[in-house]
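Next come the chains, spelled out residue by residue.
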Amino acid sequence: MSIRCLAVLASLTLPLAAQAYTSAPVLDKLEKEGKLPPVAQRLPENPEAITPLEKAGKYGGTLRSALRGNGDGNAILRIVGNQGLVRWNIDMSKVVPNVAESWTTNADSSEYTFKLRRGMKWSDGSPFTADDVLFTMNDLLGNKGFVANPPAFFKVQDKPVVTEKVDDFTVRFKFAAPYVSFIEILAHPTLQYPTLYSKKYCSQYHPKYSNKVDELLKQNNAKDWGMLIRQKCGDQETPTRWANPERPTLDPWLIVEPYGGSAAKVRLKRNPYFWQVDSKGQQLPYIDELNLAVISEVETIVLAAINGQLDFQSRHIGGTPNLPVLSESAAKGGYKVLQMEDASSNSAGLFLNFSTRNEKLRSLIRNKDFRVALSLAMDRKEINEIIHLGQSLPWQIGPKKSNRFYNEQLATQYTKTDLKTANELLDKAGLAKRDAEGYRQYPSGGRVSIGAIVPAASSGGIDTLDLVRKHWAKVGIELVIQPVERSLFYDRSNTNDYEMAIFVVGGGLDPQFDKTGVLAWSPTESRQSLLWAKWAQSGGKQGEEPSVSMKKRIELDEKWKVAKSQAEADGYLRQILQGAADEFEVIGTTATPKVLGVLSKRLVNVNEKMPWAWPYATPAGSLPQQWFFK
């Protein structure tokens, strides 16, 4: 998916005469009442025209889906979509313009110039311009009061991007060195920053622009202005992004009934200023509203799905064990069962914490023989049969075999059960002594026990750990399963209060964009050592110095960023993957099987072959704004 072009134009944009634009009846009514300007004035001068997947749709209806509890904000993002400067196209084969009408790069890909859509507006009707982009990049991401360190994706050679205003509708991103992969990285939903914050609205909470911030801090019980902005304007992946109906956005639907607290549902209505139209000039979205039920228990979400109460749902019900019940009820529930290819590598990666506070266990975790023994003790065939109904296969954390970065060692090493060798390795590690229950003891005394945190909503993760617990007990290692609410899971991760965490490992189809399992690069997701990731992000000023192998991979990743060609970049990535294979830090269980979903038979224009991928923000990458009901 090379993008080393000097100019990329909005190929899907089909200019239409202003008089050809039409909008939903509910907006036409407001226009006649004088409460909205005409549709042509609400759209950009050159809106993006989406060619519907099957056919032009009709307006109306409410899309029903479900969230799990009050910590599931990304489920909203996955429907509302990633309104970033660029996005992946509908089949995730290339990056295309989005909020930006086009972009150009200089000869060595160190500068990217984005042309914005002239006349584009926020949901409150105020203009979206280069000033909004600069507010985010300079006043927020460039200010330690908002973030201690700018996101790594906006840095090259440890130097943050310089963002410049060329004119009101043109911005330039200048990096210290070539950054060939920037556009593909920018298409990720967590890189929406440049288009996330309205300067007009959010600057009222910034001390540079307002002298009332101290008063607002007291009123909102916020400890600093950074927290205040997150409360009022949200952040990439925080629930507060969906908690303030007054916050202007560029999304197709707007919050009416907010997320948070004891809310039983989240309701969104169409954005009258949304900037896309279909090929006939009809302003999108087609669907009037989203009704997202807030449900605490996964079983209740499954029940709602099989009863036909959800028009689209995959999150929380996508595991293989649900295939029989979803299939049996499909006709009665009026839905189809989707089976989407998962872009992740491993369904349940075991992230041993190389920086755990438990000193004795930390020493063991850093012993490769110990990690290999744990892997050899596992019966992955049993995990596959029980957890995935035989629909997967034993796997470590390497890219899928179909991917050009497939590494056999990283994918398959130590996946065959071998209790004899596992026991020998544990004995060699100084753990020959056992207690009365058969569990191994440290040379200095005390049982070797590993606590594993797992999101309470992850029934598959908990069930997998229960099997691993039995496997490891056979070689004398105790595993203590610690289910916690998703918010607490992240809190404990971020405060380094865990010994092992279980989580999906990305990079099956997109290892160049999700290196979580092979590289300490994310201070929130690289759970083999978040302290190592903080060290890398801060240039060695925070966190903990990584191992020699990890430091080498971090250096290779910097070279990957500034590679002058795709071939050079690919070479660095292969070295990163090989380094991870040799070090064997994260233990895999099984490859990710197909992800299930339910889709109402009444919905049209849905890409039923869409991948289940975070960069695609499934189903947002299939553009739900062009979905409609028969």
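Quick summary incoming for the structure in this document. Everything numeric here is computed off the predicted structure, so don't read it as measured data. (Residues numbered from 1 in each chain as written. Predicted model: local features only at pLDDT ≥ 70, side-chain atom pairs only at ≥ 80, totals over all residues. Heavy atoms only, no water.)

1. With respect to the environment of Y21
The following threshold applies: Helical segments are the DSSP runs of H or I of at least four residues, strand segments are the runs of E of at least two, and each set is numbered from the N terminus. Burial classes: relative accessible area under 20% of the type maximum marks a residue as buried, over 50% as exposed, and values in between as partly exposed (1.4 Å probe, protein chains only).
If you trace the backbone, Y21 turns up in the loop between β1 (7–9) and α1 (25–32). Here Y21 falls in the buried class, since its relative accessible area comes to 8%. Residues Y21 and V277, spaced 256 residues apart in sequence, show a C-alpha to C-alpha distance of 8.0 Å.

2. Describing the pairing of strand β10 (residues 162–167)
Applied cut-off: One requirement defines pairing of two strands: DSSP has to find at least two bridges between them.
Judged from the five bridges that link them, β10 and strand β11 (residues 170–174) form a sheet pairing that is antiparallel. For K165, the partnering residue across the bridge sits in β11 and is V171. Where β10 folds back on β11, the antiparallel hairpin that results is connected by two residues.

3. Considering helix α14 (residues 380–388)
The test is simple: Taken from the helix axis, the directions to the C-beta atoms give the arc we talk about. Residue contacts are defined here by distance: any two heavy atoms, one from each residue, within 4.5 Å place the two residues in contact. By the criterion applied in these results, polar contacts are pairs of N or O atoms within 3.5 Å in which, for protein atoms, one can donate a hydrogen and the other can accept it, and in which residues neighboring in sequence qualify only through two side-chain atoms.
Listing the buried residues of α14 in full gives R380, I383, N384, I387 and H388. Down the axis of α14, the buried set is contained in an arc of 100 degrees. They therefore lie on one face. Along α14, exposed side chains directed more than 90 degrees from the buried face belong to K381 and E385. Contact partners of the buried residues in α14: β18 (346–352), α13 (368–376), α17 (459–473) and β22 (586–587). The backbone nitrogen of K381 has a side-chain oxygen 3.3 Å away, supplied by the residue at the start of α14, namely D379. Downstream of α14 by one or two residues, L389 has phi in the positive range, about 55 degrees.

4. Focus: the packing of α13 against helix α16 (residues 419–428)
What counts here: Throughout, an axis means a line fitted to C-alpha atoms (over the contacting stretch in the case of helices), and angles, computed between N-to-C directions, take values from 0 to 180 degrees. In these notes the angle categories are as follows: under 35 degrees is roughly parallel, over 145 is roughly antiparallel, 65 to 115 is roughly perpendicular, and the rest is oblique. It is the rotation of the near helix from the far one that decides the hand of a crossing: anticlockwise by less than a right angle makes it left-handed, clockwise makes it right-handed. Residues are grouped as follows: Ala, Val, Leu, Ile, Met, Phe, Trp, Tyr, Cys and Pro are nonpolar; Asp, Glu, Lys and Arg are charged; every other residue, Gly included, is polar.
Between α13 and α16, the least distance of the axes is 8 Å, while the angle of their chain directions is 155 degrees. Judged by the inter-axis angle, α13 sits roughly antiparallel to α16. Considering only the axes of α13 and α16, their crossing is left-handed. Residues D369, F370, V372, A373 and L376 of α13 touch α16, and the partners they reach there are L419, T421, A422, L425, L426 and K428. Split into classes, the residues belonging to the contact of α13 with α16 amount to eight nonpolar, one polar and two charged.

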